[in-house]
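Secondary and tertiary structure notes
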Amino acid sequence: MGERRRIRAESLERSGRPGNPKWRGFFQWARFVFFLRTYQFTFCRLIMSDPIIDLHSDDYFMGEALRQAARAYEQGEVPVGAVVVREGRIIARAANQVEMLKDATAHAEMLALTQAQSAVGDWRLTDCTLYVTKEPCPMCAGAVVHTRLARVVFGAGDPKGGAAGGAMNLLQFPTLNHRCAITSGLRLDECRGLLQSFFAEKRAANKNGEGGRDNQN
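A brief look at the structure comes next. (Residues numbered from 1 in each chain as written. Predicted model: local features only at pLDDT ≥ 70, side-chain atom pairs only at ≥ 80, totals over all residues. Heavy atoms only, no water.)

**What about the pairing of strand E3 (residues 128-134)?**
The buried fraction of E3 amounts to seven of the seven residues, a majority that puts the element mostly inside the structure. Sheet topology note: the strand E1 (residues 81-86)/E3 ladder contains five bridges and is antiparallel. Note that in E3 the partner of Val-85 across the bridge is Thr-129. Relative to strand E4 (residues 151-156), E3 is paired through five bridges, and the arrangement is parallel. Of the residues in E4, the one forming a bridge with Lys-134 is Ala-156. (Buried < 20%, exposed > 50% of the residue type's maximum accessible area, 1.4 Å probe, protein only. Helix = DSSP H or I, 4+ residues; strand = E, 2+ residues; numbered from the N terminus. Pairing = 2+ DSSP bridges.)

This is how it looks when you write it as structure tokens:
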């Protein structure tokens, strides 16, 4: 009986014990698979815990308007940008081009509204939203009313010349034939920061005799 047990043990040692090279490779592969699955699970949990960018949110669309404002800044224009959104899709983008076009009406909102009307094929923009980094002036607010925009979202307010609740509110004026919803203060610090930086540079340039004008939007 003892001899048979010894022979059996030797047989198992030769063919199947964990120390055998064949089984060592198997266990190494099994550990690798276990590690991979554990890492994959942890990675997925990290992804799910991070905030997901909503490509149809007000925050996202204002970010696109800020991109346009940054372009205006680089071109020496007052850094205001605007986008028009319809059914969750951007149909128009524009930045201030007053100095470039030598046109006092070439505000970001005006240019974006013109693009949007072309994209829609109608002067009425009743199912559209305008995102703009600065509160619209009276000219732009009047254009918003005429195009029947559903909603205006802006970042930095303008208590001296804004026409969406700052100095006045033409977008919800009781005797006009259209009124639109207003959301203010979105990404305020970023929108206001661009404007403050721009005008600080202009004032410094004027003080140093480098010329330039403090443009107004």
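Alright, that's what it looks like, and here's the rest.
**Here we look at the packing of helix H5 (residues 108-120) against helix H6 (residues 138-146)**
At a minimum axis separation of 9 Å, H5 and H6 run at an interaxial angle of 20°. Classified by the angle between their axes, H5 and H6 sit roughly parallel to one another. With respect to the hand of their crossing, H5 and H6 are arranged in left-handed fashion. Of the residues in H6, those in contact with Glu-109, Met-110 and Leu-113 of H5 are Met-139, Cys-140, Ala-143 and Val-144. Per-class residue counts for the contact of H5 with H6 are six nonpolar, no polar and one charged. (Axes fitted to C-alpha atoms, helices over the stretch in contact; angles between N-to-C directions. Parallel < 35°, antiparallel > 145°, perpendicular 65-115°, else oblique. Left-handed = near helix turned anticlockwise from the far one by under 90°. Contact = heavy atoms within 4.5 Å. Nonpolar A, V, L, I, M, F, W, Y, C, P; charged D, E, K, R; others polar.)

**Quick word on the sheet that holds E3**
The mixed open sheet is built from five strands, whose spatial order is E2-E1-E3-E4-E5. The strands lining the two open edges of the sheet, one partner per strand, are strand E2 (89-95) and strand E5 (181-183). On average, each strand axis in the sheet is tilted by 15° relative to the strand beside it, whichever way the strands run. Sheet topology note: the E1/E2 ladder contains six bridges and is antiparallel. Note that in E2 the partner of Val-83 across the bridge is Arg-93.

**Regarding the nonpolar core**
The biggest cluster of nonpolar side chains holds 42 residues, and the ones touching the most others in it are Val-84, Leu-113, Leu-130, Val-144, Leu-149, Val-152 and Leu-171. Of all the elements in the fold, those that place two or more residues in this core are helix H3 (58-74), E1, E2, H5, E3, H6, E4 and helix H7 (188-207). If you tally residues by element for this core, the top one is H3, at five residues. Those residues within four positions of Leu-113 in sequence are excluded, and the remaining contacts are Val-84, Leu-125, Ala-143, Val-144, Thr-147 and Leu-149. (Core = buried A, V, L, I, M, F, W, Y, C linked by side-chain atoms within 4.5 Å.)

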